[in-house]
Amino acid sequence: MTTAMQAREFPDGWSVPDHVPAELVHDEDLYGDRSFDTDMHAKLAALYGRCPDIFWSPHSGGYWVVMRRALIDQVMTDPAHFSSRQGQIPPVEPALPMLPLTFDPPAHTPYRLALMQWFGSKTINTFADEVRELARDLVDKVAREGEFEFVRSLGAALPV
């Protein structure tokens, strides 16, 4: 059961940065809890009832968990408080640079501009009919089979 920590005294082995309020520290281990492997969606849905919309997990070196889309947008556009520099959980020091994912503005801007010509909505939309046809074909195929494994049958064949 999750409990918010109300004091700065945490169990041994937990490293919680001083800037993280104690009430936002929750004993949730999204990377180490193997039950996420069997029913990730149910496990995540259960977090909504017992955790705040944003909280700190002390596991795997510590990381923020952001539960709501509006907050995700806010976090992703606030590099002063939520840097992209450390892209691994658990953290790896020195942080491994993965261009442009682990670069904060303004260092990431030239890379993003270069990629936008290939991954911007204008370019992606030119493939909409082909992607839609492929998706229909894949869904028709798995519908005929009756059962399927999502990643192998759909996800690998039609990655984002």
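Let us look at the structure shown here. (Residues numbered from 1 in each chain as written. Predicted model: local features only at pLDDT ≥ 70, side-chain atom pairs only at ≥ 80, totals over all residues. Heavy atoms only, no water.)

With the rule as written, the count across this model stands at seven salt bridges. When the shortest N-O distance is used, the salt bridge between K43 and D33 registers 3.0 Å. Of this pair, K43 sits in helix α1 (residues 40-50) while D33 sits in the segment before α1, and the two are 10 residues apart along the sequence. K43 sits in the partly exposed class, given a relative accessible area of 23%. Ionic pairing is found between R34 and D37, a salt bridge with its closest N-O pair at 2.8 Å. Taking relative accessible area as the criterion, R34 reaches 51% and is therefore assigned exposed. Given a relative accessible area of 53%, D37 falls into the exposed group. (Salt bridge = Lys/Arg side-chain N within 4 Å of Asp/Glu carboxyl O. Helix = DSSP H or I, 4+ residues; strand = E, 2+ residues; numbered from the N terminus. Buried < 20%, exposed > 50% of the residue type's maximum accessible area, 1.4 Å probe, protein only.)

Looking now at a nonpolar patch on the surface. On the surface, a nonpolar cluster with roughly 450 Å² of combined accessible area is contributed by L115, W118, F119 and I124. Of all the elements, helix α3 (residues 109-119) adds the most residues to the nonpolar patch, at three residues. (Patch = residues over 30% accessible without salt bridge, like charges linked within 9 Å, V, L, I, M, F, W, Y side chains within 5 Å. Areas by Shrake-Rupley, 256 points an atom, 1.4 Å probe, with all protein chains shown as cover.)

Turning next to the nonpolar core. One finds F10, W14, V16, V20, A22, V25 and W56 forming the largest nonpolar core, which totals seven residues. Counting six residues, the second-largest nonpolar core is a separate cluster that includes L47, F55, Y63 and M67. (Core = buried A, V, L, I, M, F, W, Y, C linked by side-chain atoms within 4.5 Å.)

Before going further, it helps to spend a moment on the environment of R34. Looking at where R34 falls in the secondary structure, it is placed in the segment before α1. For the pair formed by R34 and E133, sequence separation is 99 residues and the distance between their alpha carbons is 36 Å. At 3.3 Å, the side chain of R34 and the backbone oxygen of Y31 are in polar contact. (Polar contact = N/O pair within 3.5 Å; in protein donor to acceptor, adjacent residues only side chain to side chain.)

Together, E130, E133, D137 and D140 give the surface a local cluster of negative charge. Inspection of the secondary structure puts D140 in helix α5 (residues 128-145). (Lys, Arg positive; Asp, Glu negative; His and termini not counted. Charge placed at Lys NZ, Arg CZ, Asp CG, Glu CD.)

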